[in-house]
Amino acid sequence: MAASRIVIENCAIATVDANDTEYASGYVVVADNRIESVGAGTAPAGLENVVRRIDGTGHLVTPGLVNTHHHFYQWITRGLATDHNLFNWLVALYPTWARLDEPMARAAAQGSLAMMARGGVTTAMDHHYVYPQGSGDLSGAIIGAASEMGVRFTLARGSMDRGTSDGGLPPDFAVESLEGALAATEATIDKHHDASFDAMTQIAVAPCSPFSVSTDLLSQGAELARRKGVRLHTHGSETVEEEEFCKELFGMGPTDYFESTGWLGSDVWMAHCVHMNDSDIAAFARTGTGVAHCPSSNARLAAGIARVPDMLKAGVPVGLGVDGTASNESGELHTELRNALLINRLGPHREAALNARQALRLGTYGGAQVLGRADQVGSIEAGKLADLVLWKLDTLAHSSIADPVIALVFGAAAPVTLSLVNGKTVVEDNHLTTVDEDAIARSARDEAQRLARIAAQG
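Computed from a predicted structure; not experimentally measured.

**Considerations on the environment of G168**
With respect to the element layout, G168 can be found in the loop between β8 (152-159) and α4 (178-192). Once the C-alpha coordinates of G168 and S139 are considered, the two residues, 29 residues apart in sequence, prove to be 23 Å apart. Discounting chain neighbours no more than four positions away, the residues touching G168 are R162, G163 and F211.

Dropping the structure here:
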């Protein structure tokens, strides 16, 4: 059967390939779910079975954005504890999160995914680690929401087994047993993980953090992931308080502790990594351990500025993350391109910290690297999956900025004229095509109100 083709032409293109190839005016040809060709000028003549031809004048095409860290459930607890640091914020919100159930998780996932997809995310991930007793099939609800939206998705199946009675932060009601967490994670992998090239759903093993899980859960979780051939994800080195916690409890800093439990390696990526010394960065570079940089959340919770320029110089894979929307209320990844660039310029490297193209790479190819999918997505190259975004840059917001990549990164959030995932349209003219945005908004509002009522009752 002949391939169906979509042709986008007359647009600027930032391929984000190994050479950062760009075209001031070029074309992309999509055949079914793959990128068939990309180049300067007009598309090749004589293409067969072209089902759609798009004039991209005034637009920039980039790879779809890749989100490497998120907590979807927090969509229904936005705007709370707005003046707290991480530990105080967690203590304030865990009692509410401990009341999460399946309808809430689904509504929150829909809201989080809709906001990201509408803003150019084509590959999303969710680190979900709150599984209250009797709450239903939360993983299934989240995966179902992503499938309905049509985005490529990794569920980092999280877990916590250190409740307040064991010196942890979450309520005992919200944590699992060691055996229960490992069994549920393995069952999720067996049911949902797809290892194929064009997989839409993948699973990672993701105990929450050093201060909410036991050493056994970390070490046995790493063994489980490697036995199953999936990736590993957790939070690491987010705050000074976390470092002090690790030194007091384990007699070593977070990076050394993670290494002692099998949690450094090219199949591992960690969120935040704000408080990393030279030795920590060298260990990540030596082992190929990746980082999900979440600049807005780090600022919201006063965690600090991650040493992203130093990580990149050392060869550490780095992508961008929205983080949970209770610590990044906008819930959008394309704003993180700008915030990563600006916030890192407040650090010691100042104006040389990051430039626009490095920021775009973090949000595309860098994210694909840390999710283990850089051979499939993250750049516009023949043979890769057709996950693309067409950004409109000829409106008032951007029309006087000559360089389209600088316009996208430094300028206001650009409208998305078209977003393709696996060659299928997910966004058209800045609106989702696969779901009802208004219905999602209503559902999220209703579930947020229900959660608040339940939490208030204790």
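**Section: the packing of helix α2 (residues 102-118) against helix α3 (residues 138-149)**
A pair of packed helices can be characterised by two numbers: the angle between their axes and the separation between those axes. Running from N to C, α2 and α3 point in directions that differ by 35 degrees, and their axes come no closer than 8 Å. Between α2 and α3 the crossing geometry is right-handed. Judged by residue contacts, E102, A105, R106, A109, Q110, L113, A114 and A117 of α2 engage L138, A141, I142, G144, A145, A146, E148 and M149 from α3. Classifying every residue of the contact of α2 with α3 by side-chain character gives 11 nonpolar, two polar and three charged.

**Considerations on the pattern of salt bridges**
Applying the stated criterion to the full structure yields 24 salt bridges. For the salt bridge of E243 with K247, the shortest nitrogen-to-oxygen distance reads 3.3 Å. Residue E243 and its partner K247 are located together in helix α6 (residues 240-250), separated by four residues, close to a single helical turn. Residue class for E243 comes out partly exposed when judged on its relative accessible area of 24%. Judged by its relative accessible area of 48%, K247 falls in the partly exposed class. A salt bridge links R450 to E447, with the nearest nitrogen and oxygen atoms 2.7 Å apart. You can see R450 and its partner E447 sitting in helix α14 (residues 437-456), three residues apart, about one turn around the helix. R450 sits in the partly exposed class, given a relative accessible area of 23%. Each member of the salt-bridge network shares a partner with another, and the members are E186, D190, R227 and K228.

**Re the pairing of strand β9 (residues 201-207)**
Of all seven residues in β9, seven are buried, a share of seventy percent or more. Side chains of β9 alternate between two faces, with T201, I203, V205 and P207 and Q202, A204 and A206 buried alike. In this structure, β8 lies alongside β9, joined through seven bridges in parallel fashion. Across the sheet, F153 pairs through a bridge with T201, a residue of β9. Taken together, β8, α4 and β9 form a β-α-β motif whose crossover is right-handed. Strand direction decides the pairing type here: β9 and strand β10 (residues 231-236), joined by two bridges, are parallel. Looking at the pairing, V205 lines up with L232 of β10. This β-α-β element, β9 to helix α5 (residues 215-228) to β10, shows right-handed connectivity.

**What to know about the environment of S159**
Its place among the elements puts S159 in strand β8. Its relative accessible area of 2% is what places S159 among the buried residues. Distance in space between the C-alpha atoms of S159 and S212 is 8.6 Å, their sequence separation being 53 residues. Excluding its chain neighbours within four sequence positions, the residues that come into contact with S159 are Y129, E176, A181, A206, P207, C208, V213 and L217.

**Brief notes about the packing of aromatic side chains**
A full pass over the atoms with the stated rule returns 10 aromatic pairs. Here the aromatic cluster, defined as three or more aromatic residues joined through ring pairs, consists of F87, F211, F245, F250, Y257 and F258. R99 extends its terminal NZ or CZ atom over the ring of F173, reaching a point 5.2 Å from the ring centre. For R157, the ring lying beneath its charged end belongs to Y131, and the centroid distance is 3.6 Å.

**Details of the nonpolar core**
If you look at the biggest cluster of nonpolar residues, it comprises 109 residues, and the most contacted ones within it are W89, W97, L113, M149 and M311. The greatest single-element share of this core, amounting to eight residues, is contributed by α2. Ignoring any residue separated from it by four or fewer positions in sequence, one finds L113 in contact with F72, A124, A145, A146, M149 and V151. Judged by nonpolar contacts, the second largest core, of 15 residues, contains I6, I35, I380 and L390.

Conventions and cut-offs
Residue numbering note: each chain is counted from 1, following its sequence as written. Where local features are concerned, this predicted model is filtered to residues with pLDDT of at least 70; where side-chain atom pairs are given and counted, the filter is 80 or more; whole-chain, interface and lining totals use all residues. Where side-chain values are given, they derive from all heavy atoms of the structure, hydrogens and water being excluded. Counting from the N terminus, the helices are DSSP H or I runs at least four residues long and the strands are E runs at least two residues long. In this description, contact between two residues means that some pair of their heavy atoms is separated by no more than 4.5 Å. Lines are fitted to the C-alpha atoms to define the axes, a helix being fitted only along its stretch in contact, and any angle between axes, read from their N-to-C directions, falls within 0 to 180 degrees. Note on convention: near helix rotated counterclockwise from far helix by under a right angle means a left-handed crossing. Clockwise means right-handed. Nonpolar residues are Ala, Val, Leu, Ile, Met, Phe, Trp, Tyr, Cys and Pro. Charged residues are Asp, Glu, Lys and Arg, and all others, Gly as well, are polar. One side-chain nitrogen of Lys or Arg within 4 Å of one carboxyl oxygen of Asp or Glu is enough to make a salt bridge. Only protein chains enter the calculation, and the probe is 1.4 Å; a residue is then buried if its accessible area is under 20% of its type maximum, exposed if over 50%, and partly exposed in between. Pairing between two strands is assigned when DSSP locates at least 2 bridges connecting them. Seen with its strands pointing away from the viewer, a crossover is right-handed if its path from the first strand over the helix to the second goes clockwise. Centres within 6.5 Å make a pair out of two Phe, Tyr or Trp rings, where for Trp the six-membered ring is used; the pair is then stacked when the planes are under 30 degrees apart, edge-to-face when over 60, and tilted otherwise. As a reminder, the over-ring test applies to NZ of lysine and CZ of arginine, requiring each to be within 6 Å of the ring centre and within 35 degrees of the ring normal. Buried Ala, Val, Leu, Ile, Met, Phe, Trp, Tyr and Cys residues form a nonpolar core when they are joined through side-chain atoms within 4.5 Å.

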